[in-house]
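# Summary of structural features
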Amino acid sequence: MRYYLPTKIILGRVELELKKEVDLLKPQKILLIIGGKSMKKIGIIDRLLDCLSDYRVSLFEGVKSNPSPEIIVRAKQKSDLVIGLGGGSVIDVAKVVATDLKKPCIAIPTTAGTGSEVTPFAALYDKKKKKKLSLTVNFPTVAIVDYILTLTLPKEIVASSGMDVLSQAIEAYWSIYSTPLTDTHAQRAIELVVRNLKNSWDGERKAREAMSLAALEAGLAFSQTKTTAVHSASYPLTIHYGIPHGLACGLTLPHFLLYNYQVSEEDCLDKRGVNFVKKRIEELAGFLGVKQVKAAKNIILNLMKSIDLPTQINFDMEVVIKDAFTPERVANNPRQVTESSLREILEEIKS
């Protein structure tokens, strides 16, 4: 068993922790990468710049969801340290830039969803070719997780990012590369989501804190196992139809739960065997608070409904099927996914 995580993780207030970490790295120039204007409006950017007043800081802003490779070219500039403050897309851009520059990166998430602050992966989207580009990059040097930054998130982002956490954790648990260590993180994330996502969506402060921890735990799990067929099927829904990533994962997640439970000797991809896979799915049902896998499927569907997420959408079946087989994702799934089996799952979510 192997588990590699070079990222220093800090749970605390970013204004209190950031300068201490920057001082240890001793940069001459800092590149601060952010998303839209929301952090500016609530004064976070000004407070961070005050923290970094002893340093030369260049600000690159405007990273949007599902960034294209072109933004890397625009963002990259000579720097000794890259700081990414934002959601998963912002942190992914910061990680790619830092890796290209061969410089350290500090990741500061403002959403509770992607776990990007503790993973060596980054997602870019080629909008012309309608393709997702999955990159392997350096782990962030430091991750500062401050749940206060999530308190002003809109409900729709809380909902979608929360489903991303749940998908990452469940997929890490049934991945063919799961280990006892990743299992611990995945179980913790699942249980935190089940207990807190609805309350977080309602705006409860303690639940927002719990969801930030859930996102971190899920990231720690899938940073080692990678994700599986759920994520693979989600990509064309996002690329072609603009479905938020977490929602796109949540749509097929409950159906893949039941699909993977019906694994057989002929289509099992996990070397640990059919009985092992079935036991894993039964354990997942337990983490979701029920004994039966069919009931677990309904738990996920009902959770989505409780936070105003649709469980069915309209899309072109052939368009999604064509781009839904990301090799490195479907190969991690415990049960082989064929075009016909995926078609059956997609029929469940087509309105």
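Each chain carries its own residue numbering, running from 1 in the direction its sequence is written. The predicted origin of the model limits local features to residues at a pLDDT of at least 70 and limits the giving and counting of side-chain atom pairs to 80 or more, whereas totals for whole chains, interfaces and linings rest on all residues. Only hydrogens and water are removed before side-chain values are computed, so all heavy atoms of the structure are retained for them.

A few words now on the packing of aromatic side chains. Ring geometry is summarised as follows: Phe, Tyr and Trp rings, the Trp one being its six-membered ring, pair when their centres sit within 6.5 Å, and such pairs are stacked at plane angles under 30 degrees, edge-to-face over 60 and tilted between the two. Here the structure, examined in full by the defined rule, presents four aromatic pairs. With a centroid separation of 5.7 Å and an interplanar angle of 80 degrees, the aromatic rings of Tyr4 and Phe139 are classed as edge-to-face. In this pair, Tyr4 sits in the segment before strand S1 (8-11) while Phe139 sits in the loop between strand S7 (131-136) and strand S8 (142-145), placing the two residues 135 residues apart along the sequence. Burial classes: relative accessible area under 20% of the type maximum marks a residue as buried, over 50% as exposed, and values in between as partly exposed (1.4 Å probe, protein chains only). Under the relative-accessibility criterion, Tyr4 is labelled exposed at 55%. Take Phe139: its relative accessible area is 16%, and that puts it in the buried class. Aromatic side chains Phe121 and Phe222 sit 6.2 Å apart centroid to centroid with 25 degrees between the ring planes, which places their arrangement in the stacked category. Within this pair, whereas Phe121 is found in strand S6 (residues 121-126), its partner Phe222 is found in helix H8 (residues 205-225), the two being separated by 101 residues in sequence. Taking the relative accessible area as the measure of exposure, Phe121 reaches 15% and is therefore buried. A ring is scored as having a charge over it whenever the NZ atom of a lysine or the CZ atom of an arginine sits within 6 Å of its centre and within 35 degrees of its normal. The positively charged end of Lys155 is found above the aromatic ring belonging to Trp201, 4.0 Å away from the centroid. One Lys or Arg, Arg335, reaches over the ring of Tyr259 and ends 3.9 Å from the middle of that ring. Here a helix means four or more residues in a row that DSSP labels H or I, a strand means two or more in a row labelled E, and each is numbered from the N terminus.

Take the pairing of strand S4 (residues 81-86) next. Summarising burial for S4: six of the six residues are buried, a large majority. Taken together, the five bridges between S4 and strand S5 (residues 105-109) define a ladder with parallel strand orientation. Opposite Val82, over in S5, you have Cys105 as the bridge partner. Taking the sense of rotation as the criterion, the β-α-β connection linking S4, helix H5 (residues 88-101) and S5 turns out right-handed. A pair of strands is treated as paired once DSSP finds two or more bridges between them. Orient the strands so they point away from the viewer, and a crossover whose first-strand-to-second-strand path over the helix runs clockwise is right-handed.

Another aspect to go through is the packing of helix H9 (residues 229-241) against helix H10 (residues 245-261). To get an axis, fit a line to the C-alpha atoms, keeping to the stretch in contact for a helix; angles then go from 0 to 180 degrees between the N-to-C directions. With their axes 8 Å apart at the nearest point, H9 and H10 run at an angle of 135 degrees to one another. Classed by the angle they form, the pair H9 and H10 counts as oblique. Here H9 runs over H10; the crossing is right-handed. The residues of H10 that touch H9, namely those facing Ala229, Val230, His231, Ala233, Ser234, Tyr235, Leu237 and Thr238, are His245, Ala248, Cys249, Leu251, Thr252, Leu253 and Phe256. Polarity classes work like this: nonpolar for Ala, Val, Leu, Ile, Met, Phe, Trp, Tyr, Cys and Pro, charged for Asp, Glu, Lys and Arg, and polar for all others, with Gly in that last group. Taken together, the residues of the contact of H9 with H10 sort by class into ten nonpolar, five polar and no charged. Roughly parallel refers to an angle under 35 degrees, roughly antiparallel to one over 145, roughly perpendicular to one between 65 and 115, and oblique to any angle outside these ranges. Should the near helix be turned counterclockwise from the far one by less than a right angle, the crossing is left-handed, whereas a clockwise turn marks it as right-handed. Only heavy atoms enter the contact rule, under which two residues are in contact if any of them lie within 4.5 Å.

Next up on the list: the side chain of Thr326. Here Thr326 shows up in the loop between helix H13 (317-323) and helix H14 (327-330). Among all residues touching Thr326, those that are not within four sequence positions of it are Ser232 and Tyr235.

Here we take up the nonpolar core. Ranked by size, the top nonpolar core spans 70 residues in total, and within it Met163, Leu166, Trp174, Leu237, Phe256, Leu284 and Ile300 carry the most contacts. The greatest single-element share of this core, amounting to ten residues, is contributed by helix H6 (residues 155-174). Setting aside residues up to four positions removed in sequence, Met163 forms contacts with Leu197, Gly246, Gly250, Ile300, Leu303, Met304, Ile307 and Leu309. The term nonpolar core refers to a set of buried residues drawn from Ala, Val, Leu, Ile, Met, Phe, Trp, Tyr and Cys, joined through side-chain atoms within 4.5 Å.

Before going further, it helps to examine the pattern of salt bridges. Any Lys or Arg side-chain nitrogen found within 4 Å of a carboxyl oxygen on Asp or Glu counts as a salt bridge. Throughout the structure, instances matching the rule amount to 21 salt bridges. Taking the shortest distance from any N to any O, the salt bridge between Lys131 and Asp323 comes out at 3.1 Å. Taken together, the residues span a long stretch of sequence, with Lys131 in strand S7 and Asp323 in helix H13 at a distance of 192 residues. For Glu283, the salt bridge goes to Arg280, with nearest N and O atoms at 3.9 Å. One end of the pair, Glu283, and the other, Arg280, are both in helix H11 (residues 274-287), three residues apart, so they sit about a helical turn from each other. Residue Arg280 is classed as buried on the basis of its relative accessible area, which comes to 7%.

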